[in-house]
Amino acid sequence: MAQKRKAQTEQDETRRDARLKQQPGFDSYPPSKVYRIIEPGPVLLVTTGSLADSTHNVMTIGFHMVMQHESPPLIGITLGPWDASFAALKKNRECVLAIPSVEMAGVVVDIGNCSAADDEMTSKWEHFGLEALPAARVKAPLVGGADVISNIECVVEDTKMVSKYSMWVLRPVKAWINPEKKPGEGGKMFHHRGDGTFVVDGDVLNLQDRMVKWQNFQD
């Protein structure tokens, strides 16, 4: 019965799509690819493990989101069991989110296209010439270097969505900013469009005077 209802629903959707195949000013777009047009936040490097015992790893992610501004601030990231960092995050329940500037784009993409589990990979830190710096509140290291915009030390706040969606809810406990690479003041982030192309930060549009309901979030 359930299969019959599902088949009927699919038929109804197909007929509706056929009727609405064209809309003035718009072309149809596959729902399976909407992640490409709902542009995610900047590409991040995620470090896990422990710098002290040399188990630290680094990986690249593009799917993440701010979930709560304050009390406490919360960030969600997608990191699944297919990632070598999954076990370390599950064990230690902490990590660092590093925001690279566009000058690091090539290296960051290369990091995302290899794994610490690869036979030929001994250390991504050494292979890509990354500098690991001790963090203040977590065991995982900061990513050093003149082209890193920021490092955010995080602990795992909630794992309820991990098993179903591979979504970890993180709570920042310490943050670092590169004064020479502040966003909008010299530092440009880059954003993956989901198909191997990227968007780089451009001009800043200042509409703070119109944000009358949200002035408490302005500096």
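Rules behind the numbers
- Residues numbered from 1 in each chain as written.
- Predicted model: local features only at pLDDT ≥ 70, side-chain atom pairs only at ≥ 80, totals over all residues.
- Heavy atoms only, no water.
- Helix = DSSP H or I, 4+ residues; strand = E, 2+ residues; numbered from the N terminus.
- Buried < 20%, exposed > 50% of the residue type's maximum accessible area, 1.4 Å probe, protein only.
- Contact = heavy atoms within 4.5 Å.
- Areas by Shrake-Rupley, 256 points an atom, 1.4 Å probe, with all protein chains shown as cover.
- Lys, Arg positive; Asp, Glu negative; His and termini not counted.
- Charge placed at Lys NZ, Arg CZ, Asp CG, Glu CD.
- Core = buried A, V, L, I, M, F, W, Y, C linked by side-chain atoms within 4.5 Å.
- Arc of directions from axis to C-beta.
- Pairing = 2+ DSSP bridges.
- 1 Å grid on protein atoms, 1.4 Å probe; cavity = no way out; pocket = protein on both sides within 12 Å on 5 of 7 lines; lining within 4 Å.
- Points joined across faces, edges and corners; volume = space filled by probe spheres on them.
- Nonpolar A, V, L, I, M, F, W, Y, C, P; charged D, E, K, R; others polar.
- Polar contact = N/O pair within 3.5 Å; in protein donor to acceptor, adjacent residues only side chain to side chain.

**Section: the overall build of the chain**
Okay, step 1: Across its full length, the chain holds five helices and eleven strands.
Okay, step 2: Principal axes of the C-alpha set define a box for the chain whose edges measure 60 × 50 × 35 Å.
Okay, step 3: Counting across all 219 residues of the chain, residues that qualify as buried make up 35%.
Okay, step 4: Sequence separation of at least 24 residues holds for 59% of the intrachain contacts in the chain that already meet a minimum separation of 6.
Okay, step 5: In the form shown here, the chain has an accessible surface area of approximately 14300 Å², with 52% of it arising from carbon and sulfur atoms.
Okay, step 6: Taking the average location of the 25 positive side-chain charges in the chain and that of its 28 negative ones, the two points are 11 Å from each other.

**A word on the nonpolar core**
Okay, step 1: With 20 residues, the main nonpolar core has Val 46, Ile 77, Leu 79, Cys 95, Leu 97, Trp 168 and Leu 170 as its most contacted residues.
Okay, step 2: Secondary structure elements with two or more residues in this core: β1 (44-48), β2 (57-61), β4 (74-78), α2 (85-92), β5 (94-100), β8 (148-158) and β9 (167-177).
Okay, step 3: Excluding its chain neighbours within four sequence positions, the residues that come into contact with Ile 77 are Ile 61, Phe 63, His 64, Leu 97, Ser 166, Met 167, Trp 168 and Leu 170.
Okay, step 4: Counting residues in each nonpolar core, the second largest holds 15 residues, with Leu 45, Met 104, Met 121 and Leu 130 among its members.

**Observations regarding α2**
Okay, step 1: Every buried residue belonging to α2 is among Ser 85, Phe 86 and Leu 89, and all of these are buried. The buried residues of α2 occupy an angular sector of 105° when projected down its axis, which confines them to one face. Opposite the packed face of α2, turned more than 90 degrees from it, sit the exposed residues Ala 87 and Lys 91.
Okay, step 2: Packing partners of the buried residues in α2 comprise β1, β2, β5, β8, α5 (162-165) and β9.
Okay, step 3: Two residues or fewer after α2 comes Arg 93, characterised by a positive phi angle close to 60°.

**A few points about the pairing of β9**
Okay, step 1: Examined bridge by bridge, β4 and β9 share four bridges and lie antiparallel to one another. Residue pairing for β9: Gly 76 is matched across the bridge by Val 169.
Okay, step 2: Alignment of β8 against β9, held across eight bridges, turns out to be antiparallel. Looking across to β9, one finds that Asn 151 is bridged to Trp 176.

**So, the layout of surface pockets**
Okay, step 1: Its boundaries defined by the atoms lining it, the largest pocket holds a volume of some 790 Å³.
Okay, step 2: For the largest pocket, the lining is made up of 22 residues, of which Val 66, Ile 99, Pro 183, Phe 217 and Asp 219 are closest to its centre.
Okay, step 3: Among the residues forming the lining of the largest pocket, the class breakdown is 15 nonpolar, four polar and three charged.
Okay, step 4: Looking at the second largest pocket, its volume works out to about 510 Å³.
Okay, step 5: Residue lining of the second largest pocket: 27 residues in total, with Met 59, Thr 60, Ile 61, Gly 62 and Gly 112 positioned closest to the centre.
Okay, step 6: For the lining of the second largest pocket, the elements supplying multiple residues, two or more each, are β2, α3 (105-112) and β10 (190-192).
Okay, step 7: Among the residues forming the lining of the second largest pocket, the class breakdown is 15 nonpolar, ten polar and two charged.

**Quick notes on the side chain of Ser 150**
Okay, step 1: Mapping Ser 150 onto the fold places it in strand β8.
Okay, step 2: In this structure Ser 150 comes out as buried when scored by relative accessible area, which is 9%.
Okay, step 3: Engagement of the side chain of Ser 150 in a polar contact is seen with the backbone oxygen of Trp 176, the distance being 2.7 Å.
Okay, step 4: For Ser 150, the residues in contact, after removing those within four places along its chain, are Leu 97, Ala 98, Ile 99, Trp 176 and Ile 177.

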